[in-house]
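Notes for the structure review
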Amino acid sequence: MITEYLIAGFLIMAGIFGFVGSFGLIKLNDPMSRLHAPTKATTLGVGGVLLASMVHGIAVEGHLSLHEVMITLFLFLTAPVTALFIAKVHLHRHETLKSLPPAGEDGIWATHDVEPEGEEEKQSSA
Amino acid sequence: MITYAALFAFVCFALAVLMNLWKILSAEEIADRILALDSMFINALALMVLYGLALGTEIFFEAALIIAMLGFVSTVAYARFILRGNIIE
């Protein structure tokens, strides 16, 4: 009985988080806050489904399955990497040197750290 | 009770996939499109695990793992193509 409530609770939590994550993708105004909504909330949503599936496997079907742990581990490892890449695409395509905050001791944001077109030709010919 | 909770989760994730599709169609920036595609992959993965839970089979876990891998690789490839103009240098 308790496990049934637990599974239902995990499933409802997962559904709410998945919905909110994608709703935030539409609703939020700033591109960097749009990055926040799906990468965190959807991972929690999938985590909830996988937890429910694990409890279901132990309590109802009577054996422990480790597939869910594998999927969770893979998602938790790859979600930050994809978020980083999407943030870099945004910095590269939609921000200029003036719209970004100062980069601190590095001086300039790495994606904008390219030499102007003319300079490059001059150096290669020299 | 589990049946109703699973139905609720099905509806939520289906709406989430539709919203991702809407964002892919209507986004102004390419970063938003990549992000919407990535979250669509993750929502489809959740739907697949839910379907396996509802049917009581384990065959969908392998499929879910492959979907997760494809989603990661395609997102990174797309982002790298935008960043560098090339995927493997």
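One numbering rule holds for all chains: residues counted from 1, following each sequence as written. Chain letters and ligand numbers both follow the written order, the letters beginning at A and the numbers at 1. Predicted model: local features are reported for residues with pLDDT of at least 70 only, side-chain atom pairs are reported and counted for 80 or more only, and whole-chain, interface and lining totals are derived from all residues. Hydrogens and waters are ignored; side-chain quantities use all the structure's heavy atoms.

A word on the overall build of chain A. In terms of helices and strands, chain A carries four helices and zero strands. Helices (α) and strands (β) of chain A occur, in sequence order from the N terminus, as α-α-α-α. As defined in this context, the radius of gyration uses C-alpha atoms, and a globule is described by 2.2 Å times the residue total to the power 0.38. Rg of the C-alpha trace for chain A: 22 Å, well past the compact-globule value of 14 Å for 126 residues, more than 25% over. The principal-axis extent of the C-alpha atoms belonging to chain A is close to 75 × 30 × 25 Å. Buried, partly exposed and exposed residues are distinguished by accessible area as a fraction of the type maximum, computed with a 1.4 Å probe on protein chains only: under 20%, between the cut-offs, and over 50%, respectively. Burial statistics for chain A: of 126 residues in total, 39% are counted as buried. By definition in these notes, contact holds between two residues if any of their heavy atoms fall within 4.5 Å. Counting only contacts in chain A whose residues sit at least 6 apart along the sequence, the fraction spanning at least 24 positions is 45%. Per-residue accessibility takes into account occlusion by the displayed protein chains alone, with areas from the Shrake-Rupley method and a 1.4 Å probe. Element-wise, carbon and sulfur atoms account for 65% of the exposed surface of chain A, whose accessible area totals about 7,600 Å². By the counting scheme adopted, Arg and Lys are positive, Glu and Asp are negative, and His together with the chain ends is not counted. Here the site of a charge means NZ on Lys, CZ on Arg, CG on Asp, or CD on Glu. Between the centroid of the 7 positive side chains of chain A and the centroid of its 13 negative side chains there is a distance of 9 Å. Numbering of helices and strands runs from the N terminus, with a helix taken as a DSSP run of H or I at least four residues long and a strand as a DSSP run of E at least two residues long.

By definition, a salt bridge exists where a carboxyl oxygen of Asp or Glu is found within 4 Å of a side-chain nitrogen of Lys or Arg. Applying the stated criterion across every chain, the model contains one salt bridge over all chains. A salt bridge links R34 of chain A to D32 of chain B; the nearest nitrogen and oxygen atoms lie 2.7 Å apart. Of the two residues, R34 of chain A sits in helix α2 (residues 31–61) while D32 of chain B sits in helix α2 (residues 30–55), which places them in two different chains.

Take the buried residues of types Ala, Val, Leu, Ile, Met, Phe, Trp, Tyr and Cys, join any two whose side-chain atoms come within 4.5 Å, and each joined set is a nonpolar core. The biggest cluster of nonpolar side chains holds 28 residues, and the ones touching the most others in it are L11, V46, V49 and I71 of chain A together with L45, V49 and L50 of chain B. Mapped by element, the contributors of at least two residues to this core are α1 (2–27), α2 and α3 (67–94) of chain A together with α1 (2–26), α2 and α3 (59–84) of chain B. Aside from chain neighbours lying at most four places away, what touches V49 of chain B is V49, L50 and S53 of chain A together with F61 and A64 of chain B.

With that settled, the discussion passes to the interface of chain A and chain B. Tallying the contact residues gives 48 residues for chain A and 45 residues for chain B. Distance and chemistry together define a polar contact, namely a pair of N or O atoms within 3.5 Å, with one atom able to donate a hydrogen and the other to accept it when in protein, and with adjacent residues in sequence counting only for side-chain atoms on both sides. Run the count over chain A and chain B and you get four residue pairs in polar contact (both at pLDDT 80 or more). In this classification, the charged set is Asp, Glu, Lys and Arg, the nonpolar set is Ala, Val, Leu, Ile, Met, Phe, Trp, Tyr, Cys and Pro, and all remaining amino acids, among them Gly, are polar. Class assignment for the residues of the side of chain A that touches chain B results in 26 nonpolar, 16 polar and six charged.

Now for α2 of chain A. The terminal C-alpha atoms of α2 of chain A lie 44 Å apart, and with 31 residues this matches the ideal 45 Å at 1.5 Å per residue to within 8%. Count one or two residues on from α2 of chain A and you reach G62 of chain A, which has phi positive near 85°. Expected span of a helix: the number of residues minus one, times 1.5 Å.

Let us now look at the packing of aromatic side chains. Two rings from Phe, Tyr or Trp (for Trp, the six-membered ring) form a pair when their centres are within 6.5 Å of each other. A pair whose planes differ by under 30 degrees is stacked, one over 60 is edge-to-face, and the rest are tilted. All chains considered together, the criterion is met by three aromatic pairs over all chains. Their ring planes at 5° and their centres at 6.1 Å tell us that F19 of chain A and F23 of chain A sit as a pair that is stacked. A residue pair is termed a helical-turn pair when its members lie 3 or 4 positions apart in one helix, as F19 of chain A and F23 of chain A do in helix α1 at four residues. Looking at F19 of chain A, the relative accessible area reads 28%, which means it is partly exposed. F23 of chain A sits in the partly exposed class, given a relative accessible area of 40%. When the centroid spacing of 5.2 Å and the interplanar angle of 75° are considered together, the rings of Y51 of chain B and F60 of chain B count as edge-to-face.

On the secondary structure map, H94 of chain A appears in helix α3. Of the residues examined, H94 of chain A reaches a relative accessible area of 31% and is grouped as partly exposed. Taking the C-alpha atoms as reference points, H94 of chain A and Y5 of chain A, 89 residues apart in sequence, are found 47 Å from one another. Beyond its immediate chain neighbours, meaning those up to four positions away, H94 of chain A contacts V89 of chain A together with E29, I30 and A31 of chain B.

An axis is simply a line fitted to the C-alpha atoms; with a helix, the fit covers only the stretch in contact. Between two such axes, the angle follows the N-to-C directions and lies from 0 to 180 degrees. Following both chains from N to C, one finds α1 of chain A and α1 of chain B inclined at 15°, their axes separated by 8 Å at the closest point. Taken together, the axes of α1 of chain A and α1 of chain B are roughly parallel relative to one another. Here the hand of the crossing between α1 of chain A and α1 of chain B comes out left-handed. Per-class residue counts for the contact of α1 of chain A with α1 of chain B are 21 nonpolar, four polar and two charged. These descriptions rest on fixed angle ranges, namely under 35 degrees for roughly parallel, over 145 for roughly antiparallel, 65 to 115 for roughly perpendicular, and the rest for oblique. Helix crossings fall into two classes, left-handed where the near helix is turned counterclockwise from the far one by less than a right angle and right-handed where it is turned clockwise.

Turning our attention to the side chain of S22 of chain A. Note on placement: S22 of chain A falls in helix α1. At 3.3 Å, the side chain of S22 of chain A forms a polar contact with the side chain of N20 of chain B. Those residues in contact with S22 of chain A, other than ones at most four positions away along the chain, are A16, M19, N20 and N43 of chain B.

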